[in-house]
Amino acid sequence: MAVLTYREALNRAMTEEMEKDPNIFLMGEEVGHYEGAYKVSQGMLAKFGERRIIDTPISENGFAGVGIGAAMVGLRPIIEFMTWNFSLVAIDQIINSAAKMNYMSAGQFPIPIVFRGAGGAGGRLAAQHSQSFESWYAHIPGLKVLAPYTPSDAYGLLKTSIRDNNPTIFIESEVLYGSKGEVPEGEFLIPMGKSDIKREGTQLTIISWSRALMYVLPAAEKLAKEGISVEVLDLRSIRPLDEEGILASVRKTNRALIVEEGWNVAGFGAQVAYLIQKEAFDYLDSPVERITQEDVPMPYAANLERSSLPSEEKIIKKVREMIK
């Protein structure tokens, strides 16, 4: 096992895939000479040159469209958004072109493209730069949506995404880039639509993904010291969704708490809660609960930002209430 940071794992995945396939290229703001706003593409310009590591103007709508056109004629673009907040400028291209082109062309134009970049809150970046958009993009047929938490998952899922012939939304939490974890040294893929049990438990299942697991896993550890056994299920893949993995865990523990960084109203956790009550209602010993960001634009002040987001304290309090 090698110990890599999250950004190093992403870099390794892209580099390996680009070495295998000359049709793959990376395009986005500052991905080349600056080596990425978060240094994910460090060293790639020197290795692959300016024809495959392409710096763009500040025009998400423009370079997203260029990438989609390139995918239509057989190339395999990786489009980096400096942050998913900026993807709103390109959302027409993503939803009305990338997601629909294969369907509208009766299969003549598969769109093998990955849109990737930083999402969620990054620490005092305020309301316009701290948004979680998983539920937005998961709403759209034709898009696949991934949100890995560990470096190993980021590596395996990004390689899978690059090889897939459908447009993939790949969301990387801004605060995870420097996090470290073990990554097998040999090449491996992780299939989409497969969740992962990050911690085994028997009394309650916490379902989460991406940065929110930073709160969930320590909370589960503290609850274990109180004699409360919590299972932690990392979705990793938002669409396709591992419905059977979710249901198997809930049927085992009989309780479910969903923790997500995004907002409550129409958040993706609501879809998960619907699935559980529809398919595992008879197994539930308490109502399905959710912990989300507070229903406000993200504050700039550090203390207010912390108050707005899920936390270990909120999770522990809710689990205790559910176990009573």
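Residues numbered from 1 in each chain as written. Predicted model: local features only at pLDDT ≥ 70, side-chain atom pairs only at ≥ 80, totals over all residues. Heavy atoms only, no water.

Most of strand S11 (residues 230-234) is tucked away: 5 of the 5 residues are buried. Across the two faces of S11 the burial is the same, with Val230, Val232 and Asp234 and Glu231 and Leu233 all buried. Bridge count for strand S9 (residues 196-199) against S11 is 3 bridges, and the pairing is antiparallel. Residue arginine 199 lies in a different strand from S11, and its bridge partner there is valine 232. Here strand S10 (residues 204-208) runs beside S11; their pairing, made up of 5 bridges, is parallel. Along S11, the bridge assignment pairs serine 208 with aspartate 234. (Buried < 20%, exposed > 50% of the residue type's maximum accessible area, 1.4 Å probe, protein only. Helix = DSSP H or I, 4+ residues; strand = E, 2+ residues; numbered from the N terminus. Pairing = 2+ DSSP bridges.)

For the protein chain, mean pLDDT is 98; residues scoring 70 or higher make up 100% of the total. When pLDDT is averaged over each element of the protein chain, S11 comes out on top at 99 and helix H11 (residues 302-308) at the bottom at 96. (pLDDT = per-residue confidence, 0-100.)

This part is about the pattern of salt bridges. When the charged atoms of two side chains lie near each other, side chains of opposite charge can form a pair. The tally for this structure, following the rule as stated, stands at 27 salt bridges. As a salt-bridge pair, lysine 198 and aspartate 234 come within 3.0 Å of each other at their nearest N and O atoms. Residue lysine 198 is found in strand S9, and its partner aspartate 234 is found in strand S11; the two are separated by 36 residues along the sequence. Since its relative accessible area comes to 23%, lysine 198 is described here as partly exposed. Through salt bridges with shared partners, one network takes in Arg12, Glu16, Glu17, Lys20, Lys159, Arg163 and Glu187. (Salt bridge = Lys/Arg side-chain N within 4 Å of Asp/Glu carboxyl O.)

All right, on to the sheet that holds strand S2 (residues 24-28) then. What the 7 strands build is an open sheet, ordered S3-S2-S4-S5-S7-S6-S12; its pairing is mixed. Pairing within the sheet leaves two strands with one partner each, and these edge strands are strand S3 (53-55) and strand S12 (237-239). Neighbour-to-neighbour, the strand axes of the sheet open up by a mean angle of 20°, direction not taken into account. Examined bridge by bridge, S2 and strand S4 (residues 76-81) share 5 bridges and lie parallel to one another. Directly across from glycine 28, in S4, lies its bridge partner glutamate 80. (Axes fitted to C-alpha atoms, helices over the stretch in contact; angles between N-to-C directions.)

With mixed pairing, the 5 strands of this open sheet are ordered in space as S9-S11-S10-S13-S14. Among the strands making up the open sheet, the edge pair consists of S9 and strand S14 (289-293). Put simply, the sheet's adjacent strands are angled 25° from each other on average, direction ignored. This element, helix H10 (residues 268-279), spans S10, strand S13 (256-263) and S14 of the sheet and lies at about 160° to S13. (Contact = heavy atoms within 4.5 Å.)

Side chains that are nonpolar tend, in soluble globular proteins, to be buried together. Counting residues in hydrophobic clusters, the biggest one holds 56 residues, and the most contacted among them are Ile206, Val230, Leu257, Ile315 and Val319. Ignoring any residue separated from it by four or fewer positions in sequence, one finds valine 319 in contact with Leu204, Ile206, Leu223, Ile228, Val230 and Leu257. One finds Ile68, Ile171, Trp209 and Leu284 within the second-largest nonpolar core, a separate group that totals 44 residues. (Core = buried A, V, L, I, M, F, W, Y, C linked by side-chain atoms within 4.5 Å.)

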